Structure formats: structure tokens, C-alpha cells
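Below are the chains, spelled out letter by letter.
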Amino acid sequence: MIKINLVPQEILDREIQKQRMVQVGIAAGFLFLIFAGISFKHYYRGVALAKTLAEQEEKFEKLKKIVAQVEALEQQAKAVRGRLDVMKELDRSRPLYPRFMGDLLSTFPAGVYLKSLATTSVGMKIALAMSAESVSSQDVSDWYRTLEVSEKFHGPKLGALTLSKEGLVTFSMGVDYEEKTEPKK
């Protein structure tokens, strides 16, 4: 059977053109939907990231305040530890001077008299500068030898000996004192 198309070619061409326009429109609409979906996804992601950033910045500010408080407390703790160390050192060295005076007095021979005594202490060490009088130079040398062999007194330095009209020997002496202490258990 033979088919005859009575529709003019122009109308057929227009129909094909309309059909192509619909196809192009559908493809453009599909591309627009894809582009809109991607754009919406990026926009939503940007909004979510901005919200997350704001939350994180808020947490950061809170933590920043907490860190500042912790640092202040650490400074206070450091100051308290320093004071505590000073108190422990004072408590440990409190009996030092009474023991030192007892040890010093035990070294004096009978004819030596102390005129002045100056001390400088660093920790458990005491540096002494003394001015004294003696009945004889023999007493001065006895005292010097006693300090020289002592376990607690170190490095005695004898100054010039001066003989007065009354027969008294005046002299100066320097020595270091260090008490050997056992660590507390």
C-alpha cells in the first residue's frame, strides 16, 4: 500500500522545528535544574559552614576566657608555691643561727673575746666577719687552729694583729660556716 502525505512540507518542517524546540527546552530545563541544584547545594553548604563557624567562634571565645582563667590560676599557684618554698626554707634554716652560735662559742679559747660579729647567709652557709681581742697571741693562734680543723668552719682568714698598751691583742678574722645536714626522710 502506498501512503500519500497530503500535508505540505512547510507544515511538517514547522512541526519538526517545534518538536526540536520542545526537546531543546526540556534539555535546557534539565540543565537549569542541575545548575540550580548544584547552586542550592553550594549555598546550603555555605550557610551551614557559616553557622558552624559562628558556633566554633563562640566556643573559641568561651575557651579563650577559660584559658585566661587557667593561666591566672597557674600564676597564683606559682606565687603560692614560691611563698611555700620560702616558708619551707625559713623553717629549715630557723635553727641554723642558734646552732651556729653554739658551735662558734665552743671554738673560743679562754683568753679570746669577741668585739663585733657580722654575718652574711646564703642558704645554709654563713660568712662571718669578726673583730676580737685576746689576752695573748697564743690564744689567737689556738683559735685559728681550732677553726682550721673544724668540720663546720672553713677557710679562716686572719687579719693584722695589733698590740695595745694594755697588752691586749686586737685582730679581725673571717671564716665561713656550713652545717652539714642530713636530708629529712
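All of the points below concern the structure found in this document. What you see is a predicted model; the values in this text were computed from it and never measured.

### Some remarks on the environment of serine 134
Mapped onto the elements, serine 134 comes out in strand E2 (residues 125–134). Relative accessible area serves as the criterion here: at 0%, serine 134 is assigned to the buried category. Along the backbone, serine 134 and threonine 170 are 36 residues apart, and their C-alpha atoms lie at a distance of 6.5 Å. Setting aside chain neighbours within four positions, we find serine 134 in contact with Gly111, Val112, Asp139, Val140, Leu168, Val169 and Phe171. Within the structure, serine 134 has its side chain in polar contact with the backbone oxygen of serine 136 (distance 2.6 Å).

### Section: helix H2 (residues 96–107)
Helix length check: H2, at 12 residues, gives a terminal C-alpha distance of 17 Å against a target of 16 Å (1.5 Å per residue), a fit within 8%. Taken together, the buried positions of H2 are occupied by Leu96, Phe100, Asp103, Leu104 and Thr107. The buried residues of H2 all sit within an arc of 100° when viewed along its axis, so they share a single face. Those residues of H2 that are exposed and aimed more than 90 degrees away from the buried face are Pro98, Leu105 and Ser106.

### Points about the packing of aromatic side chains
A full pass over the atoms with the stated rule returns three aromatic pairs. Note on phenylalanine 40 and tyrosine 44: the rings are 6.4 Å apart at their centroids and 20° apart in plane angle, and the pair reads as stacked. Here phenylalanine 40 pairs with tyrosine 44, and both are found in helix H1 (residues 9–93), just four residues apart, close to one helical turn. On the accessibility criterion, tyrosine 44 (55% relative accessible area) is exposed. Between tryptophan 143 and phenylalanine 171, the ring centres sit 6.0 Å apart and the planes meet at 70°, which makes this aromatic pair edge-to-face. In this pair, tryptophan 143 sits in helix H3 (residues 137–149) while phenylalanine 171 sits in strand E5 (residues 169–178), placing the two residues 28 residues apart along the sequence. Among the residues examined, tryptophan 143 registers a relative accessible area of 0% and is labelled buried.

### Details of H3
For H3, built from 13 residues, the straight-helix expectation of 18 Å at 1.5 Å per residue is met to within 8% by its first-to-last C-alpha distance of 19 Å. Regarding H3, the residues found buried are Asp139, Val140, Trp143 and Leu147. What you see down the axis of H3 is that its buried residues fit within an arc of 105°, all on one side. Next to the buried residues of H3 lie H2, strand E1 (112–122), E2, strand E3 (153–158) and E5.

Conventions adopted
Residues numbered from 1 in each chain as written. Predicted model: local features only at pLDDT ≥ 70, side-chain atom pairs only at ≥ 80, totals over all residues. Heavy atoms only, no water. Helix = DSSP H or I, 4+ residues; strand = E, 2+ residues; numbered from the N terminus. Buried < 20%, exposed > 50% of the residue type's maximum accessible area, 1.4 Å probe, protein only. Contact = heavy atoms within 4.5 Å. Polar contact = N/O pair within 3.5 Å; in protein donor to acceptor, adjacent residues only side chain to side chain. Expected span 1.5 Å × (residues − 1). Arc of directions from axis to C-beta. Phe/Tyr/Trp six-rings, centres within 6.5 Å; stacked < 30°, edge-to-face > 60°.

Honestly, it's all geometry; don't read function into it.
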